[in-house]
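# A look at the structure
One letter stands for each residue in the lines below.
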Amino acid sequence: MKNITRRTAIKTMVAGSAAMAVSGIDASVASTTKTTRQPLKGNIRHSVSKWCFGNYELDEFCRICKEIGIESVELLDPHEWPVVQKHGLTVAMTQGAGLGIDRGFNDPSLHDELVASYEKVIPMVAEAGLTNLICFSGRRNGVTDLQGWENCEKGLKRITPVAEKYNVVLTMELLNSVGHKDYLCDHTVWGVELCRRVGSPNFKLLYDIYHMQIMEGNIIEHIQKYHSYFSHIHTGGNPGRAEIDETQELYYPAIMKAIVETGYKGFVGQEFVPRQADKIASLEKCILICDV
């Protein structure tokens, strides 16, 4: 199955195959319909990445998320934040600053441009009453881990004082360096060491379970050990960023229970690509799987 990333997401996706036989996780989900929907438990703060549901207008998508009980629609630019907020939702992970996934803080020649971009957007995040703003390491470009830490640290330390002033958390995403070829921040321990070097409570990590399953596995232990460095968490089935049910290799109920047990208070954002023709049914199914 071809991996799908935000960078290469297609705008129109072919509908998935006919509905799978209901068993295991799906059985409990299938029993919950729109007419019998129960309130979510409240142990997990649910969010969803809009890019995975590109065929829906944002306004309509927010209305649907509100009905399901999802609190946040994320990875949106500044002009989209008010659309979400008018529905009583939040944007748990904002975007709109930087130069994309490939061009990040590992490249010192980009620092001036990156700093100017983040200095502009950080106050906008604060003014909107939001908290997390995504950032990226960029590609490795032949540097060692040590050089990468040093390069990123220098650039990030130029803007963390601004983030601290406005109480915004710069959040570097952990991504696999297979689909995102040559991406530097591709292991949890590398990202944690960068957090330690930057030394600011306003710089943390976006722990993406799908990406880290590809790179290192051992998901629950990493969550237990390093959760204090995470400001946000993403889901996604592996292989292929598929729906997080029994068709893939991670058992999300156990992962979510481990997250709750750590005392983590941030959001968990669904970032899978729906395979069913009814994408909202896929979303609600996966929310219920994670609602432990």
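The preceding data block contains the structure.
Residues numbered from 1 in each chain as written. Predicted model: local features only at pLDDT ≥ 70, side-chain atom pairs only at ≥ 80, totals over all residues. Heavy atoms only, no water.

## Remarks on the nonpolar core
By size, the foremost hydrophobic cluster in this structure holds 84 residues, and its most contacted members are Val73, Tyr118, Leu156, Met256 and Leu283. If sequence neighbours within four positions are ignored, Leu283 has contacts with Val48, Phe53, Phe61, Cys65, Ile68, Ile70, Gln270 and Phe272. (Core = buried A, V, L, I, M, F, W, Y, C linked by side-chain atoms within 4.5 Å. Buried < 20%, exposed > 50% of the residue type's maximum accessible area, 1.4 Å probe, protein only. Contact = heavy atoms within 4.5 Å.)

## Details of helix H5 (residues 145-156)
Over its 12 residues, H5 extends 16 Å from the first C-alpha to the last, a length consistent with the 16 Å expected when each residue adds 1.5 Å. Buried within H5 are the following residues: Gly148, Trp149, Asn151, Cys152, Glu153, Gly155 and Leu156. Those residues of H5 that are buried lie in contact with helix H4 (111-127), strand S3 (132-135), helix H6 (160-166), strand S4 (169-173), helix H7 (188-198) and strand S5 (203-208). (Helix = DSSP H or I, 4+ residues; strand = E, 2+ residues; numbered from the N terminus. Expected span 1.5 Å × (residues − 1).)

## Points about the environment of Val143
Along the chain, the position of Val143 falls in the loop between S3 and H5. Judged by its relative accessible area of 18%, Val143 falls in the buried class. With 41 residues separating them in the primary sequence, Val143 and Leu184 have C-alpha atoms 9.0 Å apart. Apart from residues lying up to four places away in sequence, Val143 is in contact with Asn106, Gly148 and Asn151.

## A word on helix H11 (residues 279-290)
Since there are 3.6 residues in each turn of an α-helix, residues three or four apart along the chain are aligned in direction. With 12 residues, H11 extends 17 Å between its outermost C-alpha atoms, agreeing within 8% with the 16 Å of an ideal straight helix rising 1.5 Å per residue. For H11, a buried count of 10 out of 12 residues is recorded, marking the element as mostly surrounded by other parts of the structure. Considered for burial, the residues of H11 that qualify are Lys279, Ile280, Ser282, Leu283, Glu284, Lys285, Cys286, Ile287, Ile289 and Cys290. For H11, the N-terminal capping position is held by Asp278, with its side-chain oxygen 3.2 Å away from the main-chain nitrogen of Ile280. (Polar contact = N/O pair within 3.5 Å; in protein donor to acceptor, adjacent residues only side chain to side chain.)

## Points about the packing of aromatic side chains
Considering all chains together, one arrives at six aromatic pairs under this definition. Here Trp149 and Trp190 contribute two aromatic rings whose centre-to-centre distance is 5.9 Å and whose plane-to-plane angle is 15°, an arrangement assigned as stacked. Of this pair, Trp149 sits in helix H5 while Trp190 is found in helix H7, placing the two residues 41 residues apart along the sequence. Of the two residues, Trp149 and Trp190, both sit in the buried class. Ring-pair connections join several aromatic residues into one group, and the members of that group are Phe53, Tyr56, Phe61 and Phe272. In this arrangement the basic side chain of Lys50 is found over the ring face of Phe61, its NZ or CZ atom lying 5.7 Å from the centre. (Phe/Tyr/Trp six-rings, centres within 6.5 Å; stacked < 30°, edge-to-face > 60°. Lys NZ or Arg CZ within 6 Å of the ring centre and 35° of its normal.)

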